[in-house]
Amino acid sequence: MKSFLESEFTVVRDEERCIRCKVCVNQCAYETHCYDAEDDRILSKDENCVNCHRCVIFCPTHAIRIEQNVTGYTQNSNWSREAIVALKKQAEYGGILITGMGCDKPNFTYWDRLLLDASQVTNPSIDPLREPMEIKTFLGSKPDRIELEEVDDDVVLQTKLSPQLVCEAPILFSALSYGAVSFNVHTALAKAATEFGTYMNTGEGGLDERLYKYGDHIIVQVASGRFGVHPGYLDVGAAVEIKIGQGAKPGIGGHLPGEKVTEDISRTRMIPVGTDALSPAPQHDIYSIEDLRQLIYALKEATDYTKPISVKIAAVHNSAAIASGMVRAGADIIAIDGVRGATGSAPKVIRDNVGIPIELALASVDQRLRDEGIRNHASVIVAGGIKSSADVIKAIALGADAVYVGTAALVAMGCTLCQKCHTGKCPWGIATSDPWLTKRLNPDIATRRLTNLLRAWSLEIKEMMGGMGINAVESLRGNRMRLRGVGLTDTELKILGVKMAGD
Amino acid sequence: MTEESLSSAIRNRINMKDGIVHVDAGGLHYKDLNTILRTLGNPVPIVHIENVYGQRYIGTDLSNNMEIHICGTPGNDVAAFLDGSTIIVHGNAQDGVGNTMNRGRVIVHGRAGDIVGHSMRGGEVYIREDVGYRCGIHMKEFEGKKPLIVVGGTGQDYLGEYMAGGTLIVLGLKMGSKPIHHARFLGTGMHGGVIYLRGEAVHTSKEVQIKPLDESDYKILRRDVEAFCKEFEIQPEPIMECEFTKLIPASKRPYGNLYVY
Ligand code: SF4
Ligand code: SF4
């Protein structure tokens, strides 16, 4: 069948600058560039280009520019280029369209319509350069009250505290499963989490034994496929997370195609090389809150009550009621992933149309747990579209204990959001298990990029807190009075629990 | 942990007789029961847990080499994440027997509920009578680890769902010499491993194919059926006289052609 699809991008090469070094030829994972020896020229097949910028960055003479294909269809507000391309692809292949990364639609972000407060005249701001600022965060169940006893002039805590994760800043790395990302990415995340004092999350693909030494800074995930889940894996992590859902694809499972299941990945997932790793949509032992409780307590039993158990869900319409059930089921941490949460591979139709924005889910979950008097029983981590320190601090003011960052961490390591993770050919060596490509990501350099990012955000968070006259992140948590909305309807303001700017 | 570290209330539940440790589980919380099992550890090979009334998670994550007899009815998730040890249930078991187990043996002298061997990766599970829905769901094998489930009775729908490895044998012993297994959607999403049914299936999913058994299949079957028979003191020969059906995945990648990249 003749394809009616056009190239999405155009490669523009400045012939004057090009020195025929062939770096672009070697760097492109999609075989876009080739060298024509006869004419001594580099040629490009535009139709292969995914706009990953690999050649743009690596061209020593900056000779390459990638443009959106300017040959647009006739202007039409209803039938966008995206809609037309999707139709043509489906007409040609007859299958579910797959994509990578998070929802790219506008209008789902509320962070940018929320503004932070600052101290002026009536209360002093604090200078974080001169005064201590506490952003250390403890994640886990907190007691309703604590009992102290005086013993020989000393005060001794009598209440037995639940296990806690201790983060130097309220930022953790989101679940990125080995197989979806490379070993080097897992290594960099684990090292950065250890160096900085936070946590990475294995995702559902298990943990390579070479990384067990970072276990104190790793949250191990248990998902429906139970890949790589065995007693040693549960023992090594600092916490265990039950994955019910993920923001990019609420309600569905995942299929890691057999060709990505290489030797190493097979060892970690504990399945034979080359077989599809199918994660069923539901956990087949969880059909109710009561069943969830059963798995939570099975994991508590398996880890002898020494680790917090987290439960991760996608933000959906009735998240607040579900969250209440999760807390009552015994979760020490609940993680909620909003509609903008990313993935290595998901049906595009689901990524872009299912779930709700994390800001709204967070506001209603936090409120519900407060109303029911159980907010202290679990910490809340939010995920799905946290792209700056401002988003982190707004999330905390809205009621989160901490955030998970996935996409932001990948961008720090080199990702350019080309949304082609599902092809397994990530040109930045991130979302791939191809040895030729994984070599591109040096774990030590990536670790530095990640710790730099965490440091930068921490400094910014402290600056913003100081400006508000707050010196401990605890005082900001759920402090919605320090937020104001712009461009929001009354209903939106009501759900977010914030006032309109000016009010 | 040592036995001394247990509270006296729990310690009173333990009683040693003829080299066998007896634990009275009546009214005991599963947490305390598992604490006892973990505490006993290696030097104590045989444990009898008596008066079990529905406690969940018995034997979760046990990695030593005990032989644990459960007298009564254990609750859900018996032997979850098991990593060694043998657990023998003298009675019926409920849902989640051997959930995500890695190693060890589970023997049930009765029936078992849903999702027997959910995601198990290694070890053996023998159920004397029937099992509920989704038996063997997502069991998988890896290198030296090859899980085995043998069911003496029959199973409910979605037997072997999402199966990715291992062996699931269903004998239908109470169904005469030509059992017809009525479970529907057998092997839905199956992409690895093998199911042997004594007799025939009425409703298999489109992801499985029925294959004739060859000599190597019979070798496996004879070995595993004999192991089953030994546990329950049954004669293996008459069982093997019947014809078996072999189900294997139609493809290693049942959902490979649904997507456009
Ligand atoms: S796919 Fe990436 S490396 Fe290849 S031509 Fe396009 S931008 Fe350059
Ligand atoms: S991880 Fe790689 S493939 Fe995925 S969006 Fe980023 S650059 Fe593209």
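Computed from a prediction, not measured in an experiment: that's the story for all the values here.

A. A look at the overall build of chain A. Across its full length, chain A carries 15 helices and 23 strands. Computed over its C-alpha atoms, the radius of gyration of chain A comes to 24 Å, within 12% of the 23 Å expected for a compact globule of 503 residues. Looking at the 503 residues of chain A, the share that counts as buried comes to 55%. Once local pairs closer than 6 in sequence are excluded, the contacts in chain A between residues at least 24 apart make up 69%. Of the accessible surface of chain A, which amounts to about 21,400 Å², a share of 52% is contributed by carbon and sulfur atoms. Separation between the mean location of the 55 positive side-chain charges and that of the 62 negative ones in chain A comes to 4 Å.

B. Seen up close, the packing of aromatic side chains. Following the criterion strictly, the structure yields six aromatic pairs over all chains and no others. Here Phe58 of chain A and Trp428 of chain A contribute two aromatic rings whose centre-to-centre distance is 6.2 Å and whose plane-to-plane angle is 55 degrees, an arrangement assigned as tilted. Here Phe58 of chain A, found in helix 2 (residues 54-58), pairs with Trp428 of chain A, found in the loop between helix 12 (407-413) and helix 13 (435-438); they are 370 residues apart in sequence, far enough to count as distant. A ring pair is formed by Tyr126 of chain B and Phe228 of chain B, whose centres lie 6.5 Å apart and whose planes are at 50 degrees; its orientation type is tilted. Taken together, the positions of Tyr126 of chain B in strand 7 (residues 124-127) and Phe228 of chain B in helix 3 (residues 215-232) put the pair 102 residues apart, joining distant regions of the chain. Taken individually, Tyr126 of chain B and Phe228 of chain B each receive the classification buried, so the pair is uniform in this respect. Taken together, Tyr126, Phe228 and Phe232 of chain B form an aromatic cluster joined through their ring pairs. The ring centre of Tyr305 of chain A lies 4.2 Å from the NZ or CZ of Lys31 of chain B, which sits over that ring.

C. The arrangement of the nonpolar core in detail. Phe173, Met413 and Ile430 of chain A are the most contacted members of the largest nonpolar core, which totals 120 residues. Structurally, this core is a two-domain feature, drawing no fewer than three residues from each of domain 1 (9-95) and domain 2 (165-500) of chain A. Membership of the second largest hydrophobic core comes to 50 residues, among which are Ile49, Val106, Met120 and Met139 of chain B.

D. Fine view of the site of ligand 1. The environment of ligand 1 is made up of Cys28, Thr32, His33, Cys49, Val50, Asn51, Cys52, His53, Arg54, Cys55 and Ile66 of chain A. Split by residue class, the shell around ligand 1 holds six nonpolar, four polar and one charged.

E. Focus on the pairing of strand 3 (residues 41-44) of chain A. Residues and elements named next belong to chain A. Bridging between strand 2 (residues 33-36) and strand 3 involves four bridges; their strand directions are antiparallel. When the bridges of strand 3 are listed, Cys34 appears paired with Leu43. In sequence, strand 2 turns back onto strand 3 through a hairpin of four residues, with Asp40 there showing a positive phi of about 50 degrees.

About the criteria used
- Residues numbered from 1 in each chain as written.
- Chains lettered and ligands numbered in written order.
- Predicted model: local features only at pLDDT ≥ 70, side-chain atom pairs only at ≥ 80, totals over all residues.
- Heavy atoms only, no water.
- Helix = DSSP H or I, 4+ residues; strand = E, 2+ residues; numbered from the N terminus.
- Rg over C-alpha atoms; globule rule 2.2 N^0.38 Å.
- Buried < 20%, exposed > 50% of the residue type's maximum accessible area, 1.4 Å probe, protein only.
- Contact = heavy atoms within 4.5 Å.
- Areas by Shrake-Rupley, 256 points an atom, 1.4 Å probe, with all protein chains shown as cover.
- Lys, Arg positive; Asp, Glu negative; His and termini not counted.
- Charge placed at Lys NZ, Arg CZ, Asp CG, Glu CD.
- Phe/Tyr/Trp six-rings, centres within 6.5 Å; stacked < 30°, edge-to-face > 60°.
- Lys NZ or Arg CZ within 6 Å of the ring centre and 35° of its normal.
- Core = buried A, V, L, I, M, F, W, Y, C linked by side-chain atoms within 4.5 Å.
- Domains from an automatic or database assignment.
- Near = heavy atom within 4 Å.
- Nonpolar A, V, L, I, M, F, W, Y, C, P; charged D, E, K, R; others polar.
- Pairing = 2+ DSSP bridges.

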